[in-house]
Amino acid sequence: MTKYITRFAPSPTGNLHIGSARTALINYIFKCQYPDAKLYLRIEDTDKIRSTEEFKKNIINGLNWLGIEWDNEPQIQSLNINRHLEVAHNLLKIKKAYKCICTEDQLTVRRKKINTGEISSKKICISCETDNEVQSLDKGYVIRIKIPSTGKEILKDVIQGDVEVNNTEIDDFVLVRRDNTPTYMLSVVVDDHDLGVNFIIRGDDHLNNYFRQKFIYQHMNWEIPQYAHIPLIHGEDGTKLSKRHGAVNLIDLKNDGYLPSAIINNLILLGWSPKNQDNEIIELNNIISQFEIKSLSKSASIFSYKKLDFFNNYFLRLEPNRKTFEDYCISNSTLKEYLSLDKEKLFRVFDVYKKDISKYIEIVNISKIYFSNDYSKNHDEKFQDDFNHIFSEFLEVIININKWEYDIISLEIKEFIKKNNIKFPVLGKPVRHLLTNNYNGPSITDIFMILGKKESIERLKRYKF
Ligand code: GLU
C-alpha cells in the first residue's frame, strides 16, 4: 500500500483563515486514515516582505488549538532557498530552462498582445532562449522554465475529476527572479519533492498552478504527486468568505468562545455528509472513520455562521466541555476576574444560561449582572400595587428559607402564589427585575440559585415603595 505523505503549506502573509483551516483539517483527517501516513507543516515564507513572525505564530497556534497534529518540526521554506536555486540551475544545465533579460516594458507590450488575442501563443519571451549572448550571462537575468508549445495535460484530480489544459495556455513562467530569489512555483515543487510528498490536498485556487508545476516535476524526472483540489468556501451571499461575513481568523473565533469540535463539525459538512446519520452532529473520530476525500463536492460551499452557532451551542453544553469553559474564562480578562471572585457562582451562571448562548463570550455580559456592584444602589423602577401589596410577605418567605435548594425555593414560590391567589407574572416579573434589572430572563428560582441567599435578599431589599 502507498505510504501517503501529505502537507499543509500556509504562507505566513496573513492570519490562519477559516478556509485554510479547512484545508489543514482535511489533510489531517486524511493522514489519520492511513496509519503510516505523514503530514508535514511547511511555512512558505519566501515572500519576505509580506511574511511575518506574528502570522506564523497565529497559524501554528490556530492549528494547535484546532487539534491538528503534524509530523516533525514545521518546515521553514526560506531555509531551503539554496536548494531551490540549485534545481533551477540544474534545469538550465539540462536546457529545460533559459535565462531571460526582457525588460518590464517589453513584457508589458507582449502581454497586451497576448491578452487581446493578437498573438495566440502564451509565450511571454520569444528572443532570449535562442540568444547565445543572453544564455552565457552570469547575472542580471531571470530564469524561465521551458514549456512545450504543443500537447496537452490532463490532471486526474481526486476531487475535481479530469481537468484538461493545452500547453499553449501555459507561459514560460519565472523560476528565479532577477534578484536571484526563487519563485513560489519553484520552491513549492522542490520542497514537496524533497519531503517525499505524494498526495497534495490544497485549495482549488491552486488548480491552475498544477499545469505549471507539473513541468518542473517532469523536467526533473520526478514522480508527480496525486492532487485533491478542495473548492473554496463562500459566505451566504456567494462571494469568497471574508471579514465582511464574520470572523474568519481562526484565533478570533477562539477568542469569541467557539469550540474546536463545533468548527470541525461545521467545516467538514461543507461539501460532504456522513451516511446513515439522522442528525448533523459528528465528532472528529467519527469523521476520520467515515470521511472520503473523493466524495467531497467539487463546487463551492456556503459557510453559515448560524450553523456554526448551532453546533457550538450543542458542544458547549456537553459535560466534558465545562473544563473548556474554565480555560476560556482564564483567557478572558473579565471572566478571569469573576472566576477568582466566585468560581462556583460563575459556573452557576453558565449552567443556567448555556442553553441560550452560542459562544462563551456571551457569558461576559450575562455574568456582569451577577457580579456587578451596582445592585447595592437603590432600585428606581416602581411596580404595580398588586405586587407592592405582597412584596413584604414574599421577602419574609425568602428570608425564612433555611435550605437554599432549587426544589425548596421553587416550592415556596409556588405555594406563595397559590396562597395569594395571584398569577405568576405579578410576582415573577418584578422580582426578576429586582434581581437582574431585566423583566425577562431565566426563572426566578434559577436566579435565586445563582445569587445565593444573602445576595438575593440584598437585591430584593433595594425596593423602596
Ligand atoms: N503557500 C501556498 C498558499 O498559502 C500554498 C501552496 C500549495 O499548497 O501548493 O496559498
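The structure displayed is predicted, hence computed values, not measured ones.

## Some words on the nonpolar core
- Of all hydrophobic cores here, the largest spans 99 residues; its most connected members are Ile-263, Leu-427, Phe-448 and Leu-460.
- Of all hydrophobic cores here, the second largest spans 36 residues; its members include Ala-88, Tyr-141, Ile-170 and Phe-215.

## A word on the site of the ligand
- Near the ligand you find Arg-7, Ala-9, Pro-10, Ser-11, Glu-44, Tyr-184, Val-188, Arg-202 and His-206, and these make up its full shell.
- The contact in question runs from an oxygen atom of the ligand to an N or O atom on the side chain of Tyr-184, over 3.0 Å.
- One of the side-chain nitrogen or oxygen atoms of Arg-202 is found 2.7 Å away from an oxygen atom of the ligand.
- For the ligand, the accessible surface in isolation is 300 Å², of which the surrounding protein chains cover 81%.
- Under a 2 Å grid-point criterion requiring more than half of the atoms, the pocket assigned to the ligand is the largest pocket.
- In the shell around the ligand, the residues fall into 4 nonpolar, 2 polar and 3 charged.

## Considering unusual backbone geometry
- Despite not being glycine, Lys-95 shows a phi value in the positive range, around 65 degrees.
- Positionally, Lys-95 belongs in the loop between helix 3 (81–93) and strand 4 (97–100).
- The class for Lys-95 is exposed, based on a relative accessible area of 59%.
- Notably, Asn-221 is not glycine yet its phi reads approximately 65 degrees, a positive angle.
- Examined against the element boundaries, Asn-221 turns out to sit in the loop between helix 7 (207–220) and strand 10 (226–230).

## Things to note about the side chain of Ser-51
- Its location among the elements puts Ser-51 in the loop between strand 2 (38–43) and helix 2 (53–66).
- The exposure class assigned to Ser-51 is buried, which follows from its relative accessible area of 15%.
- Reaching out from Ser-51, the side chain makes a polar contact with the backbone oxygen of Asp-47 at a distance of 2.7 Å.
- Contact partners of Ser-51, with chain neighbours within four places excluded, come to Pro-12, Thr-13, Glu-44 and Asp-45.

## Concerning the layout of surface pockets
- By volume, the largest pocket is sized at about 1,000 Å³.
- Forming the walls of the largest pocket are 39 residues, and the residues nearest its centre are Pro-10, Ser-11, Ser-20, Asp-205 and His-206.
- Those elements giving two or more residues to the lining of the largest pocket turn out to be strand 1 (5–8), helix 1 (18–33), helix 6 (184–195) and strand 9 (199–203).
- At 4 residues, the largest contribution of residues to the lining of the largest pocket is made by helix 1.
- Residue composition of the lining of the largest pocket, grouped by class: 15 nonpolar, 13 polar and 11 charged.

## Focus on the sheet that holds strand 4
- Spatially, 4-5-8 is the arrangement adopted by the 3 strands of the open sheet, whose pairing is antiparallel. With one partner strand each, in any of the chains shown, strand 4 and strand 8 (174–176) form the two edges of the open sheet. The mean angle between the axes of side-by-side strands here comes to 40 degrees, regardless of whether they run parallel or antiparallel.
- For strand 4 and strand 5 (residues 142–145), the ladder comprises 4 bridges, and the chain directions are antiparallel. Paired with Ala-97 across the bridge in strand 5 is Ile-145.

## Digging into the sheet that holds strand 3 (residues 75–76)
- If you trace the 3 strands from one edge of the open sheet to the other, you get 1-2-3, paired in parallel fashion. Whereas interior strands pair on both sides, the edge strands pair on one side only; in this sheet they are strand 1 and strand 3.
- Along the sheet, helix 1 contacts strand 1 and strand 2; its crossing angle with strand 1, the most-contacted strand, is approximately 160 degrees.

## Focus: helix 14 (residues 343–353)
- Of all the positions in helix 14, only Lys-345, Leu-346, Phe-347, Val-349, Phe-350, Val-352 and Tyr-353 are classed as buried.
- Contacts made by the buried residues of helix 14 are with helix 11 (305–316), helix 12 (322–331), helix 13 (333–341), helix 15 (362–371) and helix 19 (444–460).

## Some details on empty space enclosed by the protein
- The tally for this structure, following the rule as stated, stands at 1 cavity of 30 Å³ or more.
- By volume, the largest cavity is sized at about 30 Å³.
- Around the largest cavity, the lining residues are Phe-8, Ala-24, Leu-39, Tyr-40, Leu-41, Leu-63, Ile-68 and Trp-70.
- Take the lining of the largest cavity: its biggest share by element is 3 residues, from strand 2.
- Classifying every residue of the lining of the largest cavity gives 8 nonpolar, no polar and no charged.

## So, the packing of helix 18 (residues 424–436) against helix 19
- Where helix 18 contacts helix 19, the two axes come as close as 10 Å, and the packing angle between them is 65 degrees. On the basis of the axis angle, helix 18 is roughly perpendicular to helix 19. Judged by the sense of rotation from one axis to the other, the crossing of helix 18 with helix 19 is left-handed. Within the contact between the two elements, helix 18 uses Phe-424, Gly-428, Val-431, Arg-432, Leu-434, Leu-435 and Thr-436 and helix 19 uses Ile-444, Ile-447, Phe-448, Leu-451, Ser-456, Arg-459 and Leu-460.

## Details of the packing of aromatic side chains
- In total, this model carries 28 aromatic pairs according to the counting rule given.
- Between the aromatic rings of Tyr-217 and Trp-222, the centroid separation amounts to 6.5 Å while the plane-to-plane angle is 75 degrees, which identifies the pairing as edge-to-face. Trp-222 carries the same exposure label as Tyr-217, and that label is buried.
- With a centroid separation of 5.0 Å and 75 degrees between ring planes, the pair formed by Phe-303 and Tyr-305 is classed as edge-to-face.
- The buried category is assigned to Phe-303, whose relative accessible area is 2%.
- Over the ring of Phe-215 we find Lys-214; its NZ or CZ atom is 4.4 Å from the centre of that ring.

## Quick word on the environment of Phe-383
- Along the chain, Phe-383 falls in the loop between helix 15 and helix 16 (385–399).
- Sequence separation of Phe-383 and Lys-461 is 78 residues, and the distance between their C-alpha atoms is 14 Å.
- Beyond its immediate chain neighbours, meaning those up to four positions away, Phe-383 contacts Asn-388, Pro-430, His-433, Leu-434, Tyr-439 and Tyr-463.

## Topic: the pattern of salt bridges
- Scanning all chains against the criterion turns up 33 salt bridges.
- Between Arg-212 and Asp-171 there is a salt bridge, and its shortest N-O distance comes to 3.5 Å. Of this pair, Arg-212 sits in helix 7 while Asp-171 sits in the loop between strand 7 (161–166) and strand 8, and the two are 41 residues apart along the sequence.
- Exposure remark for Asp-171: the relative accessible area of 22% places this residue in the partly exposed category.

Rules behind the numbers
- By convention here, each chain's residues receive numbers from 1 onward along its written sequence.
- In view of the model being predicted, local features appear only for residues whose pLDDT reaches at least 70, and side-chain atom pairs are presented and counted only at 80 or more, with totals across whole chains, interfaces and linings using the full set of residues.
- The side-chain quantities take in all heavy atoms of the structure and omit both hydrogens and water.
- By nonpolar core we mean a set of buried residues, namely Ala, Val, Leu, Ile, Met, Phe, Trp, Tyr and Cys, connected to one another through side-chain atoms within 4.5 Å.
- Throughout this description, buried means an accessible area under 20% of the type-specific maximum (1.4 Å probe, protein chains only), exposed means over 50%, and partly exposed covers the range between.
- The rule for a residue being near a molecule or strand is that one of its heavy atoms must lie within 4 Å of it.
- Contacts described as polar in this section are N or O atom pairs within 3.5 Å, which, within protein, must combine one atom able to donate a hydrogen with one able to accept it, while residues neighboring in sequence count only if both atoms come from side chains.
- Surface exposure here means Shrake-Rupley accessible area, sampled with a 1.4 Å probe, where a residue is shielded only by the protein chains that are shown.
- With a 1 Å grid laid over protein atoms only, a set of points is called a cavity when a 1.4 Å probe fits there but cannot get out and a pocket when it is open yet has protein on both sides within 12 Å along at least five of seven lines; lining residues have an atom within 4 Å of a point.
- What decides whether a molecule sits in a cavity or pocket is whether more than half of its atoms lie within 2 Å of the grid points.
- Under the scheme applied here, ten amino acids are nonpolar (Ala, Val, Leu, Ile, Met, Phe, Trp, Tyr, Cys and Pro), four are charged (Asp, Glu, Lys and Arg), and all others, including Gly, are polar.
- Helical segments are the DSSP runs of H or I of at least four residues, strand segments are the runs of E of at least two, and each set is numbered from the N terminus.
- Whether two residues touch is decided by their heavy atoms; if any such pair falls within 4.5 Å, the residues are in contact.
- Grid points are joined across faces, edges and corners, and a volume is the space filled by probe spheres set on the points.
- Only strands joined by at least two bridges in the DSSP assignment are considered to pair.
- Note on geometry: axes are C-alpha line fits, over the in-contact stretch for helices, and angles between N-to-C directions span 0 to 180 degrees.
- When describing relative orientation, an angle under 35 degrees is termed roughly parallel and one over 145 degrees roughly antiparallel, while 65 to 115 degrees is termed roughly perpendicular and anything else oblique.
- The sense of a crossing depends on the near helix, which, turned anticlockwise from the far helix by less than a right angle, makes the crossing left-handed and, turned clockwise, makes it right-handed.
- Two rings belonging to Phe, Tyr or Trp (six-membered ring only in the last case) form a pair when the distance between their centres is within 6.5 Å. Interplanar angles under 30 degrees mark stacking, angles over 60 mark edge-to-face geometry, and anything in between is tilted.
- Whether a charge lies above a ring is judged from NZ of Lys or CZ of Arg, which has to be within 6 Å of the ring centre and within 35 degrees of the ring normal.
- A pair is scored as a salt bridge if a Lys or Arg side-chain nitrogen falls within 4 Å of a carboxyl oxygen belonging to Asp or Glu.

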